[in-house]
Every structure is written in C-alpha cells, then in structure tokens.
Amino acid sequence: KQWYQRRVAITAGIRTGFWQGNIKPKEEWGLRLEETTMPEMLKSNGYATHGIGKWHCGLYTWKHTPAQRGFDSYLGLYLGAQGYYTHKNSGSHDFREDYYDENGDFVDNILTNLTGQYNTGIFTERAISIIEDHDSAQPLFLYLSYTAPHGPLQAPSEDVARFTAHMPKSKNNRKKYATMVSLMDEGIGSVVDALDQKDMRDNTLIVFTSDNGAVYGATGSNYPLRGGKKSLFEGGVRAVSFVNSPLLHKTGYVNTNLHHVTDWYATFQRLARDTTDQRSARDTTDQRLARDTNDQETKPQLPIDGLNIWRSIAHNESSEREEVLMNFRVHSMINTNNSDHEFLQSSYGEGKPQFAVEYNTDLLDSKSNDFFVIRWKNWKLFDGTYIEQAWSKKNALKNSSVGDYSGGGGTGTGIKLFDLTSDPREERNVAEENPGIVEEILEKKEGYLTKMTRINKRSSSSAGKAGGQWMPWVENEL
C-alpha cells in the first residue's frame, strides 16, 4: 500500500488510492502511462537522468519500465524486493542495466554476473561512477533508491560484527537490520564525497526520504509514534526526510511544516524552471535520440497533487499545504466487469483521461471496510472501519495511559479525531469535544469523492518469470 503509493507520488507527483497491497510480481498494472514522471520532466529541461535501485512502478509492458519513463539509464530491479545476494524474486532473476546505445536503441542487459555481490554496495558504486563520468556542464538528476532495509534481512557477516558488537547476541534480526541501515548510510556518505570531489556540491540539492515507517512490532522502531507500515497512524505515514544543500537559506533546523511526498515533484519542477506543456517520452533535443522524432510520443502534463515547498524548506516559511488525504476507501467504486489491459487501451484524448487502476477484491483485508482518513492542519481524522495499530512494548512511554490500544492492533471503527500538536502519539480521541472540527473535515469527503475514478480488479500472469528472468510479458512497441 504505502510503499508503492509513495514511490509513485515522488515519481509523478500524484496521489494513488490503492487500498490494499502494492504491485505484486505477476500483476498487470503500474503507474499509468499518461502521467509525466519526474525524469521525463527534468529530461525535457536538459537534465541527464539516471536511476539506480528499486523501481516498483510497473513492469508488465516495456513502456512501464524506468528507461522508458524518462531515465537515460537504470541499474537495479523492476520489482519491489529481492535477495540482497541472489538478486532474485520468487525464484527468478531481477537485476539489470537498461540504457540507450549510441544509435538511440534501447538495451536491456541482464546482470547475472553480479550474483553474490551485496546490492547496497552495487548501487553505491553505480552512483559514484555516474557522478565521476558526468559532464558537469549538463544538469544531473540522480535517483538512488536503495532496497535497504526492506526484507529479507541480509547483511555481510563482517559488517554485522563491525556495527553491532555492542548489541546482545539474541537480537540477531535487529543486528542485521541495523547493519543494513548503516551500510546504506555509509553509501550515501560516499556519494556525497563523490559530489565534493567532482566540485558539484555547491549547486546540488540532496533529498533523502523514506517511503513509510518501520514495520509494526518488527526490527525497526517508530518511537514514540503510534503504528507502523500498513497503518495510517503517524508511525506509518510520518516518514523521515532531510534536505542538504548550499542553496538553502536556512540550515541546521527541524522543519515542522506540513509537507507531502507529492510536493517533491512540484518543487523540482519549479527549481528546474519547467514551463513545458507537451513533453516527449524521450528527449528529442538529444541528438542520439533525434533520428526518428516523428515517432516521438508526446503527452500533456496532467494535473499533479503536489505543491512547491521550496520556500518552506529553504527559508522555513509557512507551507501552502493545509491537508493531506491519507486514504479514502469506497467499495462501490470497484468495477465488477473489466476489459483486458485497460492501461494499454487508454488514450490522452480530450477532457479527463480514461484509465483504470486495477484492484483485486480477493486481497481485501477482512479487518477493514470503507474509511476516510485525512490530516487537516494539526488535526487527524479517522472515519469508517480501518486497521488499527498501537505501540509495541519497546516503544511505550513510561506512565503513559493508552487504554485498550496498548500492545496490540485490530479493527477501529467510527470517528476518531486527534490533535497532533498536543498529542502526536494519537492517544486521545477528542472528537466529542470538537464537533465543529469533525463536521468541517467530513465536509471534505464529497470533494474527494467527485475526483475518484472507478477501479478494476487486477489481472496477473506467470509469463513474466519464464526462463528464470523477470521480463515484461505484454507486448507493445519499444
């Protein structure tokens, strides 16, 4: 749920209301092709664009893969997770380098020769290589998406000993998790060193962001917040981010303004001074790709959900954002009859694009039905029936009264309202004390409902893993 939504949100600047589950390996859906991605937008403004690591925005057609969504090159995995040494998912290999050769032809190079090498190190080395080889006269967009510390919990034994000698032997999984984070941290430091050595740091903006909180009750900690990954409580949705750049006017402070992951697209768009209304999936200003410009697919910039937050970050000024829709589930919006591969059949046309977001009702969580969860200013409102998580014992504050919620999870029903300024742990439901606030927030439901699109069940196929390699299996033109 959240991990796919956040990845799409930062890539295309849009909200996606996938209520249950991310893109499973065999499923035939992904970020719809009508959307302009961040690398497409930046490439049209003269940037070199390189992606590394986890994609997880669709792979069932070649047009859904990263090098066909605006990246000059991409090294990593199409799916959402893999063995850190085997580079396999569900028994099939998923590790490749995609790029365009000197004639502008697309190349998909399967990297079985890297089997046995730890992928965090591979990703770091690739990022450093791109920086070292980059022509500094051209602006650069580098998307480095580590899989760490996503499962499976795997780390080199020598690094586990190096980083976690102070930890109890019984905490084996916790030690692996800590090592995975530490190796990622070292890798980021090495990338920053490469920028310094290339004299690129003075005009570079570094954004680090996570996709969700740690898994509830597992090896990570969201202390002191409530819940974790898969929940809509703050432990699941308030993810850690930091921004580093000499371009910031104010530094060394904690920004407490309300921001959303979709805002990065809008912010990068403003910093790139983007004003283009029509964009090409491949940058036709690049002579390598200009040999057949008549066939270049153009598409409009569809509305995005993000806001430009540069002044909020760079100056610590107030944010324009007042609300974030966490999720809105309405079962009546699920189609019962689907057409095959609707993503491929959709077209730009006039008016609102016709498209479908597939959804499998078989995956519906039995604990959760229709619900509406939203953050407005300092208020967080839950309405309906939803998955509820609390705080594990290791996260619990001393002398904290959390009533029936402590130490577990389950089903939450009805209306709950939390004041996140005075109650960031979401311990005290203040809905009855603030009926006016509840009413004002609930009035927003109708506006969001009018923007919702009917969704289809997901279709799937095992064809993508034939031959031991994950490959797109629905044909379209490259």
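Notes on the structure follow. This one's a predicted model, so the numbers in the text were calculated from it and none came from an experiment.

**Focus on the sheet that holds strand 1 (residues 48-54)**
Item 1. As summarised here, the arrangement of the five strands in space is 6-5-2-1-7, forming an open sheet in which the pairing is mixed. The open sheet has two free edges, formed respectively by strand 6 (106-110) and strand 7 (140-145), since each of these has just one partner strand. Here the average twist between neighbouring strands, direction ignored, is 10°.
Item 2. Bridge count for strand 2 (residues 73-77) against strand 5 (residues 96-100) is four bridges, and the pairing is antiparallel. Its bridge partner being in strand 5, Tyr74 is matched across the sheet by Asp98.

**So, helix 10 (residues 435-442)**
Item 1. Residues of helix 10 that are buried: Ile437, Val438 and Ile441. The buried residues of helix 10 occupy an angular sector of 100° when the element is viewed end-on, so they sit on one face. In helix 10, the exposed residues that point more than 90 degrees away from the buried face are Pro435 and Glu439.
Item 2. Contact partners of the buried residues in helix 10: strand 13 (371-376), strand 14 (379-389), strand 16 (416-419) and helix 11 (444-449).

**Observations regarding the environment of Trp379**
Item 1. For Trp379, the location among the structural elements is in strand 14.
Item 2. In this structure, Trp379 is in contact with Ile374, Leu417, Phe418, Asp419, Val430, Asn434, Ile437 and Ile441, ignoring residues within four places of it in sequence.

Conventions adopted
- Residues numbered from 1 in each chain as written.
- Predicted model: local features only at pLDDT ≥ 70, side-chain atom pairs only at ≥ 80, totals over all residues.
- Heavy atoms only, no water.
- Pairing = 2+ DSSP bridges.
- Helix = DSSP H or I, 4+ residues; strand = E, 2+ residues; numbered from the N terminus.
- Axes fitted to C-alpha atoms, helices over the stretch in contact; angles between N-to-C directions.
- Buried < 20%, exposed > 50% of the residue type's maximum accessible area, 1.4 Å probe, protein only.
- Arc of directions from axis to C-beta.
- Contact = heavy atoms within 4.5 Å.

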